[in-house]
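Here is what each chain is made of, one letter per residue.
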Amino acid sequence: MERTRLRRQVALTRQSLFDQGFLDEQFIQLEDLQDDANPNFVEEVVTLYYRDSARLITNIEKALEKNSLDFNKLDGFMHQFKGSSSSIGAKKVKAECTLFREYCRAGNGEGCTRTFQQIKKEYATLKRKLEAYFQVVRQAGPAETACWPK
């Protein structure tokens, strides 16, 4: 009974991440790669994303603090960050990254700074939501699979 309730909570939480625009179809593609041999694949990929992207965020913050902004350098960092975000299906983060890159191309430092604050907000919100989602997934345990009788 408890497992059924948890499975339902997993499904509802997952669907809300899509309904609220936090995730896109790339997340589904990651889930399709998960199997019995690697049951935590998606969580591991997301964990790596957050660990590795922290370095990019630091690099962007440092680049934005300089008096003379190097828009090519900022765009390069954001290109990497956008690619990483796209790989896990972080839809809102990816959209803000696109906007940031447009500001870089226009040489608009204020736009970059403002958009970067929004990126960090979306990034942190998604992290909290995914942490909660994976916690419920772990509580629910592995999904049962149907087997044909022998």
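Note that the structure is a prediction, hence the values are computed from the model and not measured. (Residues numbered from 1 in each chain as written. Predicted model: local features only at pLDDT ≥ 70, side-chain atom pairs only at ≥ 80, totals over all residues. Heavy atoms only, no water.)

### Here we look at the packing of helix H3 (residues 41-65) against helix H6 (residues 109-140)
Point 1. The contact between H3 and H6 brings their axes to 11 Å, and the two run at 160°. When the interaxial angle is binned, H3 and H6 end up roughly antiparallel. Every pair of crossing elements has a handedness; the one defined by H3 and H6 is left-handed. The segment H3 lies against H6, with Val42, Glu43, Val46, Tyr49, Tyr50, Ser53, Ala54, Ile57, Ile60, Glu61 and Leu64 engaging Cys112, Thr113, Phe116, Lys120, Tyr123, Leu126, Lys127, Leu130, Phe134 and Arg138.
Point 2. Partitioned by chemical class, the residues of the contact of H3 with H6 number 14 nonpolar, two polar and five charged. (Axes fitted to C-alpha atoms, helices over the stretch in contact; angles between N-to-C directions. Helix = DSSP H or I, 4+ residues; strand = E, 2+ residues; numbered from the N terminus. Parallel < 35°, antiparallel > 145°, perpendicular 65-115°, else oblique. Left-handed = near helix turned anticlockwise from the far one by under 90°. Contact = heavy atoms within 4.5 Å. Nonpolar A, V, L, I, M, F, W, Y, C, P; charged D, E, K, R; others polar.)

### Here we look at the confidence of the model for the protein chain
Point 1. For the protein chain, per-residue confidence averages 93 on the pLDDT scale, and 94% of positions sit at 70 or higher.
Point 2. Within the protein chain, the element-level pLDDT minimum falls on helix H1 (residues 2-19), averaging 93, and the maximum on helix H5 (residues 91-106), averaging 98.
Point 3. Scored below 50 in pLDDT, residues 144-150 shows one contact in the model against residues more than four places distant or in partner chains. (pLDDT = per-residue confidence, 0-100.)

### Side note on the UniProt feature "modified residue: Phosphohistidine" (unreviewed entry) in the protein chain
Point 1. Here, the residues flagged by UniProt with the feature "modified residue: Phosphohistidine" (unreviewed entry) are His79.
Point 2. Summarising the element assignment, His79 is placed in helix H4 (residues 71-88). (UniProt positions renumbered as here; feature names shortened; annotations may be inferred.)

### Regarding the UniProt feature "domain: HPt" (unreviewed entry) in the protein chain
Point 1. Residues given the UniProt feature "domain: HPt" (unreviewed entry) here are residues 38-133.
Point 2. Secondary structure content for residues 38-133 is 88% helix and 0% strand, and the end C-alpha separation is 18 Å.

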